[in-house]
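As a plain string of letters, each chain reads:
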Amino acid sequence: MDAARHQETVRREFGKQARHFAEAGLTLSNEDYLRWMVDVLAPAPHWQVLDVATGTGHLARALAPRVRRVTAVDLTPAMLAEGRRLAGEAGLTNVAFAEGAAERLPCGDATFDLVATRFSLHHMLDPRGAVGEMARVARPGGVVAVIDLVSPDDPALAARYNEVERRRDPSHMRALTLAELTATLEAAGLTISQTLTRDVEAIVERWLEMTHAPPDARRTIVEALTAELAGGPPTGMRPFRRDGELRFLHAWAILLGRR
Ligand SMILES: C[S@@+](CC[C@H](N)C(=O)[O-])C[C@H]1O[C@@H](n2cnc3c(N)ncnc32)[C@H](O)[C@@H]1O
């Protein structure tokens, strides 16, 4: 696929999502999960941090009170505008938002104590290139953190899972498996210091609403999940029902690598 066209798809999809992206009640804005991530990153007050593909700056804004300065880069102007607005509302004065691509970060070599990216690699054509860039701008001894969705290990199930994600959001490329995420950090010359995984529950309707998935995509996805619940072929989404709502489990991972 052509890189410029894919960037257009990312900007179009996240341009649509920007206004509601930071709403409460969604898994990405969930404060307990953010607190967990910040604790794992264990920031120090003197740190200079880069958040790559920051979106509306969920992680950047959660880290800001704990560090010296956060630079927050993203491809999509509408997401950055929302991030700036929210940082302003929160009175954060040490976060700077800037437009830029993960594959060509607008930053000098060996600049940051922590370079993080959250839920972005699965949107990229070249995740290895992006993590290589993250390693380049991390200072020696600094931390590169990747937080992302994880594909099932079984290739057929992973293909099915990524197909469902792509139907919901055409900017989804492919979530890597845990082994692929590990290999991606190692290929950038990083030494993995920590790997954590957890399952996170999501409500199907809210998850579909977030990307404004078109009616035919919604129908196909709900049908596939319902069929799986009735004993049909697995989607890799691990659907279940609770409180009358169709839900599923996302697998999340945090990998920390030292430069
Ligand atoms: C699912 S959102 C996650 C946003 C944020 N990191 C968070 O955790 O809330 C993915 C973000 O990645 C950005 N993105 C996707 N591909 C990118 C790339 N190649 N370079 C920079 N940003 C990118 C999108 O614009 C979008 O804001």
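The preceding data block contains the structure.
Definitions and limits used
- By convention here, each chain's residues receive numbers from 1 onward along its written sequence.
- At least 70 in pLDDT is required for a residue's local features to be given in this predicted model, at least 80 for side-chain atom pairs to be given and counted, and no such filter applies to totals for whole chains, interfaces and linings, which use all residues.
- Here the side-chain values reflect all heavy atoms present in the structure, with hydrogen atoms and water set aside.
- Helix and strand definitions follow DSSP, with helices as H or I runs of at least four residues and strands as E runs of at least two, each counted in order from the N terminus.
- For the radius of gyration, the atoms used are the C-alpha atoms, and the globule rule reads 2.2 Å times the number of residues raised to 0.38.
- Note on exposure labels: buried denotes an accessible area under 20% of the residue type's maximum, exposed denotes more than 50%, and partly exposed covers the range between, all computed with a 1.4 Å probe on protein chains only.
- Residue contacts are counted whenever heavy atoms from the two residues lie within 4.5 Å of one another.
- All accessible areas in this document rest on Shrake-Rupley with a 1.4 Å probe, and a residue is counted as covered only by the protein chains that are shown.
- Charged residues are defined here as Lys and Arg on the positive side and Asp and Glu on the negative side; His and the ends of the chain fall outside this count.
- Where a charge lies is defined by one atom per residue type, namely NZ (Lys), CZ (Arg), CG (Asp) and CD (Glu).
- What counts as a ring pair is set by centres within 6.5 Å for rings of Phe, Tyr and Trp (its six-membered ring), and what kind of pair is set by the plane angle: stacked under 30 degrees, edge-to-face over 60, tilted for all other angles.
- To sit over a ring, a charge needs its Lys NZ or Arg CZ within 6 Å of the ring centre and within 35 degrees of the ring normal.
- In plain words, nonpolar cores are sets of buried Ala, Val, Leu, Ile, Met, Phe, Trp, Tyr and Cys residues tied together by side-chain atoms within 4.5 Å.
- The rule for a salt bridge is simple: a side-chain nitrogen of Lys or Arg has to be within 4 Å of a carboxyl oxygen of Asp or Glu.

Draft legend 1. Geometry of the overall build of the chain. A tally of regular secondary structure across the chain gives nine helices and eight strands. For 259 residues, the compact-globule formula gives about 18 Å, and the C-alpha radius of gyration of the chain, at 18 Å, lands near that figure. Considering only C-alpha atoms, the chain reaches an extent of 55 × 40 × 35 Å along its principal axes. Per-residue burial for the chain yields a buried fraction of 52% across its 259 residues. Within the chain, residue pairs in contact and separated by at least 24 positions form 72% of the contacts whose partners lie at least 6 positions apart. Surface exposure of the chain reaches about 11500 Å², of which carbon and sulfur atoms provide 52%. Side chains of the chain carry 32 positive and 34 negative charges; the gap between the two charge centres is 3 Å.

Draft legend 2. Examining the packing of aromatic side chains more closely. Under the definition given, this model contains four aromatic pairs. The ring of W36 is capped by R198, whose NZ or CZ atom sits 4.5 Å from the centre of that ring.

Draft legend 3. Region of interest: the nonpolar core. Counting residues in hydrophobic clusters, the biggest one holds 56 residues, and the most contacted among them are M37, L63, V70, V95, L114 and W252. Membership of the second largest hydrophobic core comes to 25 residues, among which are V115, M134, V144 and L190.

Draft legend 4. Region of interest: the environment of L26. In this fold, L26 is placed in the loop between α1 (3-17) and α2 (31-41). Separated by 177 residues in sequence, L26 and I203 place their C-alpha atoms 9.0 Å apart. Those residues in contact with L26 that sit more than four places away from it in its chain are H20, F21, R206 and M210.

Draft legend 5. The pattern of salt bridges, seen in detail. For the structure shown, the criterion picks out 19 salt bridges. A salt bridge links R247 to D243; its shortest N-O distance comes to 3.6 Å. Here R247 falls in the buried class, since its relative accessible area comes to 7%. Here D243 falls in the exposed class, since its relative accessible area comes to 62%. R247 serves as the salt-bridge partner of E245, at 2.9 Å between the closest nitrogen and oxygen.

Draft legend 6. Geometry of unusual backbone geometry. Positive phi values are uncommon outside glycine, yet A42 reaches one of about 45°. Look at A42 and you get partly exposed, because its relative accessible area is 48%. If you check the backbone angles, H212 has positive phi at about 55° while not being a glycine. Note on placement: H212 falls in the loop between α8 (204-210) and α9 (215-229).

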